[in-house]
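# Overview (structure and organization)
Residues per chain, in single letters:
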Amino acid sequence: MASNEGFLTEGQREMLKIASENAESLSALSSSPKSPSSLLADHHIKAPAGGKAQTAGIAVRHVRKCHSGKYGRAKKDGAGGKGTWGKLLDTEIDSHIDRNDPNYDSGEEPYQLVGTTVTDPLDDFKKAVASLIDEYFSNGDVDLAASDLRELGSSEYYPYFIKRLVSMAMDRHDKEKEMASVLLSALYADVISPTQIRDGFFMLIESADDLAVDILDAVDILALFLARAVVDDILPPAFLARARKALPESSKGVQVIQTAEKSYLSAPHHAELVERRWGGSTHVTVEEVKKKIADLLREYVDSGETAEACRCIRELGVAFFHHEVVKKALVLAMEIPSSEPLLLKLLKEAAEEGLISSSQMVKGFSRLAEGLDDLALDIPSAKVLFQSFVPKAISEGWLDASFSNPAGENGEFQVEDEKVRKYKKEAVTIIHEYFLSDDIPELIRSLEDLGAPEYNSVFLKRLITLALDRKNREKEMASVLLSALHIEIFSTEDIVNGFVMLLENAEDTTLDILDASNELALFLARAVIDDVLAPLNLDEISSRLPPKSSGSETVRMARTLVSARHAGERLLRCWGGGTGWAVEDAKDKIMKLLEEYESGGVVGEACHCIRDLGMPFFNHEVVKKALVMAMEKQNDRLLDLLQECFSEGLITTNQMTKGFTRIKDGLDDLALDIPNAKEKFAFYVEHAQTKGWLLPSFDPSATDV
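Residues numbered from 1 in each chain as written. Predicted model: local features only at pLDDT ≥ 70, side-chain atom pairs only at ≥ 80, totals over all residues. Heavy atoms only, no water.

Convention followed: UniProt positions are given in the numbering used here, feature names are shortened, and annotations may be inferred rather than shown by experiment.
Looking at an unreviewed UniProt entry, one finds the protein named MI domain-containing protein and attributed to Vicia faba. Note on the protein: under the UniProt heading Sequence similarities (unreviewed entry), the record states "Belongs to the PDCD4 family."

Right, dumping it as structure tokens:
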């Protein structure tokens, strides 16, 4: 019988050959490092010639499709998926797809996500404005920046522009900060609406916590930007209160608003201070501004164009300095009588337009009135002319009727008393000598030699005015001297009158010393801490000043300083401190001097030591420690020391009451160490009330046993 091969046709033999070859390749699976997918790529399944491959043999099973049209793949370790070889053919590596394979199906290709760029209009806007702002900081061209911003469109994103402009300026020099504020003022209303300005600033305040991470003084810089926006009238003051309500109390945004209100917007002459903080919008000195004012007034006299003159005044951008326009216009009217009608017309129209405010008009007239004596040397008719200007300006409504004419009832200007002039001259000499020698007893002797106690308030005014324009050393010396004068020769009324005189002229003082208001507040607060003034005296001083004036604001600042925690220690060192001691050092010295006195010392020497401490605000500690020592030692002799201190005015009623109050507050703890502490304290209170040491408001209820 022939071999089995003889029963096969040629086609069957070909098919058997193909199946055998594929079976051999499959047998190498267990030992070959290649994956099944790579084997399929290396050993392509051969189809018989003549077209369609037949679905027979192992190779056919391996590439078989499932009913879904996808190629089946064995589950991991499973040997399970329908139409698969199971675990033998399973692998963690993805199958390789051969597009040359006759059985290739495009549906077998893995899905790929094709990335496409999705543009965000806000991101595009932010990138564009960053470039715009950089260019503006380089060229300073406000008009070009405004034009470029308009061309960007996307006006709904303008609040982001404000945030980006300010945040970029914050990390640069003062020049760029000033430029940012100038640009915002220029864009206001014309390009960016008031609502968008408010939204932009709120976004800035809201992001204060993030900005503070990169910019250490972000709170102060943002506060200044906020204050500048209010001063430039692009933000209403009411914005601050509304923004605060919308922010968490713990956020730095609230700190920004508080700093803007307290440090900048509440300060006298805050507009001038804020506008010049980064160099000023004009970038010119005061002398240059004065020259520009003089030039525009002379040009106006030649041309007579009132509208053009008003425009030039407005373009100066120094609203806080318009009093100089008033003063120079009046002086020019005196120098050139023919120009008087024109110049008075200019002042009238500037007042009616609101270009020159009422306060600036009054200040201009006041400054001229103060210098009339000197002006009369060059213009003999100066006083007569000024006397004619005042009623005319008041009757036409461009000068406030409250302006006090420095002329008397008879129209003659009052000449300062020769005695006062001489006293002022002598006082200045004495003060200068004191600043050089630091000799208080010598100064007191010099004042007594002058024999003019009625001018004590004038001396105080001169003392502080001279100290304001000097270093901290002289300011500290002035406060120390004031305390000594109060003990020796000055009454409280003298000191109150002196501070009233100072504060009445606070606005003029600030023209020469920009920080004068803050310094005056420190002098006032220090006087209270040193018991030179009582807190109630601040109310008396305030009542004698015009409401909403610079002086009244200074008194308010002083109250705030006095009411702060640890005000005594801080204010004692506001200019470096007289003693420089720590509080613990002072307590130790007090204890030692009391022990020395208790052991047989002299009352006068003990009082001298207390005075030498130089810490009158801390004398309540003397009272407290003396009472405790009297309880512990059972020695009421210490009450004699308190009586002597009270009689000399060394320890005031306020300090005495504070010392008794501190004992009362800690009486329960004190009784643990001193069993009869409550009984002894009740006795001391009765003794103190009999001697008049304590304020009537003192409540000894804690002494009930």
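## Brief notes about the overall build of the protein
What counts is decided by this rule: Each helix is a run of H or I in the DSSP string that is no shorter than four residues. Each strand is a run of E no shorter than two, and both are numbered from the N terminus. Exposed residues in this analysis have more than 50% of their type's maximum accessible area, buried residues have under 20%, and partly exposed residues fall in between, with area computed by a 1.4 Å probe over protein chains only. Pairs of residues are marked as contacts when any of their non-hydrogen atoms sit within 4.5 Å. Note on areas: Shrake-Rupley, 1.4 Å probe, and residue coverage restricted to the protein chains presented here.
Scanning the protein for helices and strands turns up 37 helices and zero strands. Buried positions account for 43% of the 705 residues belonging to the protein. A separation threshold of at least 6 residues defines the contact pool for the protein, and within that pool the share at least 24 residues apart is 72%. Accessible surface for the protein amounts to roughly 37,400 Å². Of this, 50% is attributable to carbon and sulfur atoms.

## Regarding the nonpolar core
Let me state the cut-off plainly: By convention a nonpolar core is built from buried Ala, Val, Leu, Ile, Met, Phe, Trp, Tyr and Cys residues, the set being connected through side-chain atoms within 4.5 Å.
Formed by 60 residues in total, the largest nonpolar core has its most connected members in Leu149, Phe161, Met170, Ile192, Phe201, Phe225 and Leu226. In terms of residues, this core owes the most to one element, helix H10 (residues 218-231), which gives 12 residues. With near-sequence residues (within four places) excluded, Met170 lies in contact with Lys177, Leu211, Ile215, Ala218, Ile221, Leu222 and Phe225. Residues Tyr434, Val458, Ala484 and Val528 belong to the second largest nonpolar core, which totals 56 residues.

## Quick look at the side chain of Ser339
Position of Ser339 relative to the elements: it lies in the loop between helix H16 (322-335) and helix H17 (340-352). Excluding its chain neighbours within four sequence positions, the residues that come into contact with Ser339 are Val301, Leu332 and Ala333.

## Digging into helix H34 (residues 638-648)
To be explicit about the condition: Arc, as used here, means the arc of the directions from the helix axis to the C-beta atoms.
The set of residues buried in H34 consists of Leu638, Leu639, Leu641, Leu642, Cys645 and Phe646. The buried residues of H34 occupy an angular sector of 155° when the element is viewed end-on, so they sit on one face. Once H34 finishes, Gly649 follows within two positions and takes phi at roughly 80°, a positive value.

## Digging into the pattern of salt bridges
This is how the line gets drawn: What counts as a salt bridge is simple: a side-chain nitrogen of Lys or Arg found within 4 Å of a carboxyl oxygen of Asp or Glu.
This structure, assessed with the given rule, holds 22 salt bridges. Here Glu261 and Arg244 are joined by a salt bridge, their closest N and O atoms 2.4 Å apart. Here the residue Glu261 occupies a position in helix H12 (residues 252-265), and Arg244 occupies one in helix H11 (residues 238-245), the gap between them amounting to 17 residues. With a relative accessible area of 27%, Arg244 lands in the partly exposed category. Residues Lys291 and Asp295 are paired through a salt bridge, measuring 3.1 Å at the closest nitrogen-oxygen approach. With Lys291 and Asp295 both in helix H14 (residues 286-303) and four residues apart, the pair spans about one turn of that helix. Taking relative accessible area as the criterion, Lys291 reaches 54% and is therefore assigned exposed. Salt bridges sharing partners connect three or more residues here, namely Glu178, Arg228 and Asp232.

## Focus: the confidence of the model for the protein
Just so we agree on the cut-off: The pLDDT value expresses, per residue, how confident the predictor is, ranging between 0 and 100.
Scored by pLDDT, the protein comes out at a mean of 78, with 77% of its residues at no less than 70. Mean pLDDT across the elements of the protein bottoms out in helix H2 (residues 36-42) (40) and peaks in helix H6 (residues 158-170) (93). Note on residues 29-79: pLDDT is under 50 here. Beyond four places in sequence and across chains, it has 68 contacts. Throughout residues 81-93 the model reports pLDDT below 50, and contacts reaching past four residues in sequence, or to other chains, amount to 26 contacts.

## Section: unusual backbone geometry
For Asp531, which is not glycine, the phi torsion reads 65° and is therefore positive. Overall, the relative accessible area of 13% leaves Asp531 in the buried class. Notably, Gln634 is not glycine yet its phi reads approximately 55°, a positive angle. Note that Gln634 resides in the loop between helix H33 (619-633) and H34.

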